[in-house]
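Summary of the model geometry
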Amino acid sequence: MRKVRKAVIPVAGLGTRFLPATKSMPKEMLPVVDRPVVQYAVDEALEAGIEHIVFVTGRNKAVIEDYFDLHPELIGTLEQAGKVQELKSLESLLPVPGTTSFTRQQAPHGLGHAVWCARDIIGDEPFALLLPDMVSFGKRGCLAEIMELYGETGGNVIAVEQCAPHETHKYGIVGKGVDAGSGFEVTAMVEKPKPANAPSNFYINGRYILQPEVFSLLGTQARGAGGEIQLTDAMVRLAADQAFFARPFDGRMFDCGSKEGFIQANVAFALKRKDLKGSVLEALREMIAEHDRENMPA
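Residues numbered from 1 in each chain as written. Predicted model: local features only at pLDDT ≥ 70, side-chain atom pairs only at ≥ 80, totals over all residues. Heavy atoms only, no water.

1. Section: the overall build of the protein chain
- On a plain count of helices and strands, the protein chain comes out with 11 helices and 13 strands.
- Its C-alpha atoms give the protein chain a radius of gyration of 20 Å, within 12% of the compact-globule value 19 Å for 298 residues.
- Judged by the C-alpha coordinates and their principal axes, the protein chain covers about 60 × 60 × 35 Å.
- Sequence-distant contacts, at least 24 apart, represent 75% of the contacts inside the protein chain between residues at least 6 apart. (Helix = DSSP H or I, 4+ residues; strand = E, 2+ residues; numbered from the N terminus. Rg over C-alpha atoms; globule rule 2.2 N^0.38 Å. Contact = heavy atoms within 4.5 Å.)

Structure (structure tokens):
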């Protein structure tokens, strides 16, 4: 079993669901409390033992690369102001030199194409894939949990959560087989099935460990839903020759690519902070009470 050292984080999406905010700002840089969405994915990868992160970028995403670089002017200003805590916070976010790579996806051809763009940097070794829109919230990161399952089973591993049975048409759904280690074998993968055709209500939540053979499949993958190269289609082909396993995440994943999920994530992470919990709770109670008064029947 080969160690998972590298991770791919695709950040080339256009963020159309957040227009006009994302007209000039990448959606991955929108803040959840005081950290951009992409920082949570990086933190999760490092917690899981990842040594090298490959960002797949697009046009107007240079600010992401700048974010993970030194800012001499800002550092100088903070030093002059004696803001030691802020300096330490910035230093803690910087990756070790040589442990990040950036490659360009020139056109929006889908998630599968974005992953394929990282093939030469990843090379012939297993890798993790983190979709940065999906922000992990739990005692530990979601990737650390599926790394644990990978250590037990090898193969390809995906993280899953359960949705309401009538909502399977919104997600990529997997079939649940026999138990394996801390998870279970995957018997099927279906993209957005109708509830009557869904093999289960376990949906893929945006965290994967994949074997490098997926790259050759993506290189020949026909366009699928939406006219894009779909990662799920290549995974289905890979499953014909390699085992797939899944582990239910012991936490919650917020979809920060949607307005609802983004707002929920901000509230959840704010309530987790000692310096914010009290004031945020008080404001929420006041807003809920006011909402209830305004919507009381006459």
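2. Considerations on the pattern of salt bridges
- Overall, the coordinates contain 16 salt bridges when judged by the stated rule.
- Residues Arg-2 and Asp-124 are paired through a salt bridge, measuring 3.8 Å at the closest nitrogen-oxygen approach. Linking Arg-2 in the segment before β1 (6–10) with Asp-124 in the loop between α6 (119–122) and β6 (127–130), this pair joins segments that are 122 residues apart in sequence.
- Note on Arg-2: relative accessible area 37%, which makes it partly exposed.
- In this structure, the salt-bridge partner of Lys-3 is Glu-51, at a minimum N-O distance of 2.8 Å. Taken together, the positions of Lys-3 in the segment before β1 and Glu-51 in the loop between α1 (37–47) and β4 (52–57) put the pair 48 residues apart, joining distant regions of the chain.
- According to the relative accessible area criterion, Glu-51 is partly exposed, its value standing at 35%.
- Through salt bridges that share partners, Lys-3, Arg-5, Lys-6, Glu-51 and Glu-125 make up one connected network. (Salt bridge = Lys/Arg side-chain N within 4 Å of Asp/Glu carboxyl O. Buried < 20%, exposed > 50% of the residue type's maximum accessible area, 1.4 Å probe, protein only.)

3. A closer look at the environment of Val-54
- Locating Val-54 in the fold gives a position in strand β4.
- Given the relative accessible area of 0%, Val-54 is considered buried.
- Separated by 99 residues in sequence, Val-54 and Thr-153 place their C-alpha atoms 25 Å apart.
- Other than its neighbours up to four places away in sequence, Val-54 contacts Ala-7, Val-8, Ile-9, Ser-101, Thr-103, Ala-118, Ile-121 and Ile-122.

4. A closer look at the packing of aromatic side chains
- Per the stated rule, a full pass over the model turns up 10 aromatic pairs.
- Note on Tyr-67 and Phe-68: the rings are 4.8 Å apart at their centroids and 85° apart in plane angle, and the pair reads as edge-to-face.
- Using a relative accessible area of 8% as the deciding quantity, one classes Phe-68 as buried.
- With a centroid separation of 5.0 Å and 75° between ring planes, the pair formed by Phe-137 and Phe-269 is classed as edge-to-face. Taken together, the residues span a long stretch of sequence, with Phe-137 in strand β7 (residues 134–138) and Phe-269 in helix α10 (residues 259–272) at a distance of 132 residues.
- In textbook terms, an aromatic cluster arises when at least three aromatic residues are bridged by ring pairs, as seen for Tyr-40, Phe-137, Phe-254 and Phe-269.
- Geometry around Phe-18 places Lys-259 over its ring, the cationic atom sitting 5.8 Å from the centre. (Phe/Tyr/Trp six-rings, centres within 6.5 Å; stacked < 30°, edge-to-face > 60°. Lys NZ or Arg CZ within 6 Å of the ring centre and 35° of its normal.)

5. Considerations on the nonpolar core
- In this structure, Ile-9, Ile-50, Phe-127, Leu-143, Val-174, Tyr-208 and Met-235 are the most contacted members of the largest nonpolar core, which totals 64 residues.
- With seven residues, the single largest contributor to this core is helix α7 (residues 142–153).
- Non-local contacts of Ile-50, meaning those with residues more than four positions away in its chain, are made with Val-4, Arg-5, Lys-6, Ala-7, Ala-45, Ala-128, Leu-143 and Met-147. (Core = buried A, V, L, I, M, F, W, Y, C linked by side-chain atoms within 4.5 Å.)

6. Things to note about α7
- In this model, α7 (12 residues) spans 17 Å end to end at C-alpha, consistent with the 16 Å of a helix rising 1.5 Å per residue.
- Gly-154 sits one or two positions beyond α7 and adopts a positive phi of about 70°. (Expected span 1.5 Å × (residues − 1).)

7. Some words on the side chain of Ser-136
- Among the secondary structure elements, Ser-136 is positioned in strand β7.
- In terms of polar contacts, Ser-136 uses its side chain to reach the backbone amide nitrogen of Cys-142, at 3.2 Å.
- Each residue touching Ser-136, except ones within four places of it in the same chain, is listed here: Glu-44, Gly-141, Cys-142, Arg-207, Phe-249, Arg-252, Met-253 and Phe-269. (Polar contact = N/O pair within 3.5 Å; in protein donor to acceptor, adjacent residues only side chain to side chain.)

8. Describing the side chain of Asp-133
- Mapped onto the elements of the fold, Asp-133 is located in the loop between β6 and β7.
- In contact with Asp-133, not counting residues within four places along its chain, are Lys-27, Val-37, Phe-254, Asp-255, Cys-256 and Gly-257.

9. Things to note about the state of the cysteines
- Tallied over the entire structure, the rule returns zero disulfides.
- Free of any disulfide, Cys-163 has its nearest cysteine sulfur in Cys-142, 15 Å distant.
- As a non-bridged cysteine, Cys-256 has Cys-142 as the owner of its nearest cysteine sulfur, 14 Å distant. (Disulfide = S-S within 2.5 Å.)

10. Digging into the environment of Glu-91
- By the element assignment, Glu-91 lies in helix α4 (residues 84–93).
- Residue classification places Glu-91 among the exposed positions, given a relative accessible area of 53%.
- Note: C-alpha distance between Glu-91 and Leu-231 (140 residues apart in sequence) is 35 Å.

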